[in-house]
Each structure stands twice: as C-alpha cells, then as structure tokens.
Amino acid sequence: MSEQLSNATVLLTAVERGDPKAAAELLELVYQELRQLATRKLAQEPPGQTLQPTALVHEAWLRLVGLENPSFENRAHFFSAAAEAMRRILIDRARRRRARRHGGGYGRVDIDECDVAAPQADDELLAVHETLDKLARKHPVQAEVVKLRYFCGCKNEEVAQILDISLSTVKTHWAFARAWLLQEIKGL
C-alpha cells in the first residue's frame, strides 16, 4: 500500500511535468479505485440512470489530465480533484435532464405498470451542489468531506485516508456538513 502511494506521488509529479507516459501509468494505478468510487456513487442514483461508472471515470479523467500539465500536490489533492470532476459531471447531467428539451420536469412512464419515476434525485443533487460552494467558503474541509462522500461515494474510512484525518473527525465533519446543508437548502 505505501509502495502504491509513493508510486502515485512520483507519477503525479511526472504528470505535472507533462510526461504523457506518466499519465497513462497513473490511470492504470488509480483506475480501479476511481471505478469503485464511481460505481458506489451511481448505485445511489435513481433507476434509469444511463451514465455508467466506466464513462464517469473516463470523463472525470479527461477533465483532470486533459488540461495542460495538471498540478496535484499529493494523492489527497488528486482524489479531491477527481471528486470535484465527478461532481461537475453529475451536476451537468442533472441540469441537462431537467432542461425542457430533454423532458425536464417529466418522468418516464412504464406503460405496462403505469408507474411514474420521481424526478426528485436531480432536484436534490442540484440543491446540494448550489449550497456546497457556500459551505466551502466557510468550512472547506467539511466541504471536501461532502464532495468525497456524496459526489464520489467514498466511505468514511476512505475519506479519512484521502484527507489524512482521523475517522472520528470525518464522522464529525460529515454530520456537521449534512446538518448545515439541510438548513441552507430548507432556507432556500
């Protein structure tokens, strides 16, 4: 595990210098972990989700290293950036689905069962997104915990490892952030 962390750090430095081979090696090193995070996050989405974990990882990867010489301080910074990229992708998709030309406001109807799918998941996602920037200005670490937990699907133990903080601190930050976001969302 520590060898993998040091390899990631070396590769992150090489990616920052613009080495294209390093970017490919870094993707190979972190791909499974990113895919697991994406799988867990998309499992929380409502039925009928068309975005696959592989597509989410690939799109996030392109946003991360598609820039000219991306800069990552360490593994935690990289996974934080990955969580932010996944967040942006999910928000963009939710906004597109709500757009009128994409059937915004209307749910799919299964003719055989006549059940209407509830569009509330997109509304919740957008509400969290809109208030998360406000939280980040006041409480940046708690906002990072929300990004990793809510948008990336990380477990508390993974968040603690990525942010290099204790598990109890993650739990405290998560509880605080949830309460803070709920209060802000209800106040909207």
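Residues numbered from 1 in each chain as written. Predicted model: local features only at pLDDT ≥ 70, side-chain atom pairs only at ≥ 80, totals over all residues. Heavy atoms only, no water.

### Regarding the overall build of the protein chain
Here comes step 1: Secondary structure summary: the protein chain contains eight helices and zero strands in total.
Here comes step 2: When the helices and strands of the protein chain are read in sequence order from the N terminus, they spell out α-α-α-α-α-α-α-α.
Here comes step 3: The buried share of the protein chain, taken over its 188 residues, is 39%.
Here comes step 4: Here the protein chain displays about 11,100 Å² of accessible surface, and carbon together with sulfur accounts for 51% of that area. (Helix = DSSP H or I, 4+ residues; strand = E, 2+ residues; numbered from the N terminus. Buried < 20%, exposed > 50% of the residue type's maximum accessible area, 1.4 Å probe, protein only. Areas by Shrake-Rupley, 256 points an atom, 1.4 Å probe, with all protein chains shown as cover.)

### Remarks on the nonpolar core
Here comes step 1: Core analysis: the biggest nonpolar cluster contains 52 residues, and Leu26, Leu34, Phe78, Met86, Leu135 and Val146 have the highest contact counts within it.
Here comes step 2: Listed by contribution, the elements that provide at least two residues to this core are α1 (2-17), α2 (20-43), α3 (53-65), α4 (75-98), α5 (120-138), α6 (140-151), α7 (156-163) and α8 (167-187).
Here comes step 3: Looking at which element gives the most residues to this core, the answer is α4, with ten residues. (Core = buried A, V, L, I, M, F, W, Y, C linked by side-chain atoms within 4.5 Å.)

### Regarding the state of the cysteines
Here comes step 1: Applying the stated rule across the entire model yields zero disulfides.
Here comes step 2: In this model cysteine 152 remains outside any disulfide bridge; the closest cysteine sulfur is found in cysteine 154, 4.4 Å from its own.
Here comes step 3: By relative accessible area, cysteine 152 is classed as buried at 0%.
Here comes step 4: The buried category is assigned to cysteine 154, whose relative accessible area is 3%. (Disulfide = S-S within 2.5 Å.)

### A word on α8
Given 3.6 residues to a turn, an α-helix orients residues that are three or four positions apart in the same direction.
Here comes step 1: Relative to the 30 Å expected for 21 residues at 1.5 Å per residue, α8 spans 30 Å between its end C-alpha atoms, a close match to the ideal helical length.
Here comes step 2: Here α8 has its buried residues at Val170, His173, Trp174, Ala177, Trp180 and Leu181. On an axial view of α8, the arc spanned by its buried residues comes to 145°, and they lie on one face. Those residues of α8 that are exposed and aimed more than 90 degrees away from the buried face are Thr172, Gln183, Lys186 and Gly187. (Expected span 1.5 Å × (residues − 1). Arc of directions from axis to C-beta.)

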